[in-house]
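# Chains, contacts and geometry: an overview
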Amino acid sequence: MQFFSTRDQSRRVSASQAIAQGLSEEGGLFVPESFPQVDVKALCGLDYPAMAAAVLREYLTDYDPAFLAGAAAATYGDAFGGKAGYLAPVEGDTWALELWHGPTCAFKDYALQLMPKLLVEAKRNLGRTEKTLILVATSGDTGKAALDGYHDIPGVEIAVFYPTGGTSEIQRLQMATQEGANVAVYAVRGNFDDAQTGVKRVFADKEIAARLAQRNICLSSANSINWGRLAPQIVYYFAAYAQLLKAGKIAFGDEVDFCVPTGNFGDILAGYYAKQMGLPVGRLVCASNQNNVLTDFLRTGVYTARRAFYKTSSPSMDILVSSNLERLLWHVTGSDAEVAGLMDQLNREGSYTVRPETLAAIQGTFACGWSSEEEVAAEICTRWERDGYLCDTHTAVAFHVAGQQKRAGVPMVVLSTASPFKFPRSVLAALGHAAPENDFEAMQALEQATGRTAPASLAGLRQKPERFDAVIDPSQIAEVALGYQA
Ligand SMILES: *Cc1c(COP(=O)(O)O)cnc(C)c1O
């Protein structure tokens, strides 16, 4: 399996190169040259680690299969408390795919606990010995999940950039208290897009790359623009389907719809790959918060990032430029020139419009909707009071949209992307309780109000010393990168 750049199809790389490099040199994203077809029935009979290895093998064809099996077993066992890909019943034929049983309590652990292993192996496959400097722009959850995955990995340094005030206090503390000799964390003035644009600029800067190369340092990314982030996320769509089969809720071949709380379009795009690989996915429902740029795009074909930016109670979805949409555009248009043109327009003018055929093809698979802040709060409350199901703000965005898009007779799986205890003040307030200012007091109050226990990794943050407090401008991200020595 080879990978192309979405903006220049003549740039072909192996899986190891795609993972080691992150982004193509001219700014495009790597996409697989074809969709591998799998024996879905056989996959559904496997446990999670074996299923993960089987899916990864299809894409990472220059990796040793035994390595992939070992890495998947080491990643998806104990660290997920035996609940990797766990499907919880909610009501009727609506289900929650709980993806937050990993070490940082957000779904990003699925990719970021595995990615470091994939990167080290990629370098070995390529015979490369340089130091890898990973730069991460985060709206909250990616940062911690990446820090947790990469800390003390040999031959790797990682620097994380998050928007000041754009994360919850718990998310901030998760990052600021990270241990490890090879980690650094910076608050960036501005919003997530400012941080992401700053990081992307460094990746696109040939002079920075050349100066770092002289010191035997190579830049890489852990954002969901890296193929190594996307591939592991394909697996849990299969896992959800397998559990519905096993429970006798569907017959083999029946369609299942998935509703995904979406920001950078990575998680939902993994569902698209699962569908293209043969999984009977019906519709993929893209759920947005008040930053509903994707809802508008999926309805009209006009993508415009030139709009008001809202800070919401689901900060990991506060995104106006959804990077992974570029991959979908490539798969649907099949034209690197067309994608390059659209992305250039987005850069220069802040918007683009796709052709009617392109929109129609996308709408054939993707439905959409968005939730206001009031609707998110009401959804958290209803789910708890009616179904006894406690969900976080991001998941609530998706539950609300899933309710609008539910098709009779077609099971709906809502991707539950974070533990409710990660956003305790919002969840508590939604349940009608006065929320203490302090996140940890809110966590305790939420435990008392619901009788549920907060994950130990979150409750324990209070005792940990803060290591990082630097605040920088987006333009200083380049200086940070150039400050590294081999
Ligand atoms: C990152 C994140 C999302 C959005 O996922 P994308 O892949 O960026 O679309 C949703 N919910 C939570 C909790 C997240 O951390």
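As annotated in an unreviewed UniProt entry, the protein chain carries the name Threonine synthase and comes from Candidatus Faecalibacterium faecigallinarum. Per UniProt, the protein chain has the following entry under Cofactor (unreviewed entry): "pyridoxal 5'-phosphate".

### Things to note about the pairing of strand β2 (residues 8-13)
As paired strands, strand β1 (residues 3-5) and β2 are joined by three bridges and run antiparallel to one another. Following the sheet pairing, F4 is matched in β2 by R12. Count of turn residues in the β1/β2 antiparallel hairpin: two residues.

### Focus on the UniProt feature "domain: Threonine synthase N-terminal" (unreviewed entry) in the protein chain
The sites that carry the UniProt feature "domain: Threonine synthase N-terminal" (unreviewed entry) are, in the present numbering, residues 2-75. The span residues 2-75 is 47% helix and 16% strand, and its two end C-alpha atoms sit 25 Å from each other.

### A closer look at the pattern of salt bridges
According to the stated counting rule, one finds 29 salt bridges in the structure shown. Put simply, D141 and K422 hold a salt bridge, and the shortest N to O gap is 2.7 Å. With D141 in helix α7 (residues 141-150) and K422 in the loop between β15 (412-416) and α19 (424-430), this residue pair connects regions lying 281 residues apart in the sequence. With its nearest N and O atoms 3.6 Å apart, the salt bridge here joins R386 to D387. The exposed category is assigned to R386, whose relative accessible area is 53%. Its relative accessible area of 21% is what places D387 among the partly exposed residues.

### Details of the site of the ligand
In the vicinity of the ligand there are 15 residues, among which K108, D141, G263, N264 and T417 approach most closely. Note that an oxygen atom of the ligand is positioned 2.7 Å from one of the backbone N or O atoms of N264. In isolation the ligand has 380 Å² of accessible area, and contact with the protein removes 98% of it. Across the shell around the ligand, the residue classes break down as five nonpolar, seven polar and three charged.

### Things to note about the side chain of T304
Inspection of the secondary structure assignment puts T304 in strand β12 (residues 302-304). Looking at T304, its side chain comes within polar contact range of the main-chain nitrogen of R306, at 3.2 Å.

### Brief notes about the UniProt feature "modified residue: N6-(pyridoxal phosphate)lysine" (unreviewed entry) in the protein chain
The residues that UniProt annotates with the feature "modified residue: N6-(pyridoxal phosphate)lysine" (unreviewed entry) are K108. Considering the arrangement of structural elements, one finds K108 in the loop between β5 (94-98) and α5 (109-112). Other than its neighbours up to four places away in sequence, K108 contacts D141, T142, A145, R229 and S316.

### Here's the deal with the sheet that holds strand β3 (residues 30-32)
Across the sheet, which stays open at both edges, the three strands sit in the order β2-β1-β3 with antiparallel pairing between neighbours. Two strands lie at the open edges of the sheet, namely β2 and β3, each paired on one side alone. Averaged over all adjacent pairs, the angle separating strand axes in this sheet is 40 degrees, with direction ignored.

### What to know about helix α3 (residues 48-59)
Here α3 contains twelve residues, and its C-alpha end-to-end distance of 17 Å stays within 8% of the 16 Å for a straight helix at 1.5 Å per residue. By the criterion of burial, α3 is predominantly enclosed, with nine of the twelve residues buried. Considered for burial, the residues of α3 that qualify are Y48, P49, M51, A52, A53, A54, V55, L56 and Y59. Sitting at the head of α3, D47 places a side-chain oxygen 3.0 Å from the backbone nitrogen of A50.

### So, the packing of aromatic side chains
According to the stated counting rule, one finds 24 aromatic pairs in the structure shown. Ring-pair connections join several aromatic residues into one group, and the members of that group are F3, F35, Y59, W227, F265, Y272, Y273 and F366. Across the ring face of Y86, the terminal group of K83 is positioned such that the distance to the ring centre comes to 4.5 Å.

### Some thoughts on the environment of V120
Summarising the element assignment, V120 is placed in helix α6 (residues 115-126). A C-alpha to C-alpha distance of 41 Å links V120 and L428, two positions 308 residues apart in sequence. Not counting the four nearest positions on each side in its chain, V120 is found in contact with I153 and P154.

What counts, and where the lines are drawn
Residues numbered from 1 in each chain as written. Predicted model: local features only at pLDDT ≥ 70, side-chain atom pairs only at ≥ 80, totals over all residues. Heavy atoms only, no water. UniProt positions renumbered as here; feature names shortened; annotations may be inferred. Pairing = 2+ DSSP bridges. Helix = DSSP H or I, 4+ residues; strand = E, 2+ residues; numbered from the N terminus. Salt bridge = Lys/Arg side-chain N within 4 Å of Asp/Glu carboxyl O. Buried < 20%, exposed > 50% of the residue type's maximum accessible area, 1.4 Å probe, protein only. Near = heavy atom within 4 Å. Polar contact = N/O pair within 3.5 Å; in protein donor to acceptor, adjacent residues only side chain to side chain. Areas by Shrake-Rupley, 256 points an atom, 1.4 Å probe, with all protein chains shown as cover. Nonpolar A, V, L, I, M, F, W, Y, C, P; charged D, E, K, R; others polar. Contact = heavy atoms within 4.5 Å. Axes fitted to C-alpha atoms, helices over the stretch in contact; angles between N-to-C directions. Expected span 1.5 Å × (residues − 1). Phe/Tyr/Trp six-rings, centres within 6.5 Å; stacked < 30°, edge-to-face > 60°. Lys NZ or Arg CZ within 6 Å of the ring centre and 35° of its normal.

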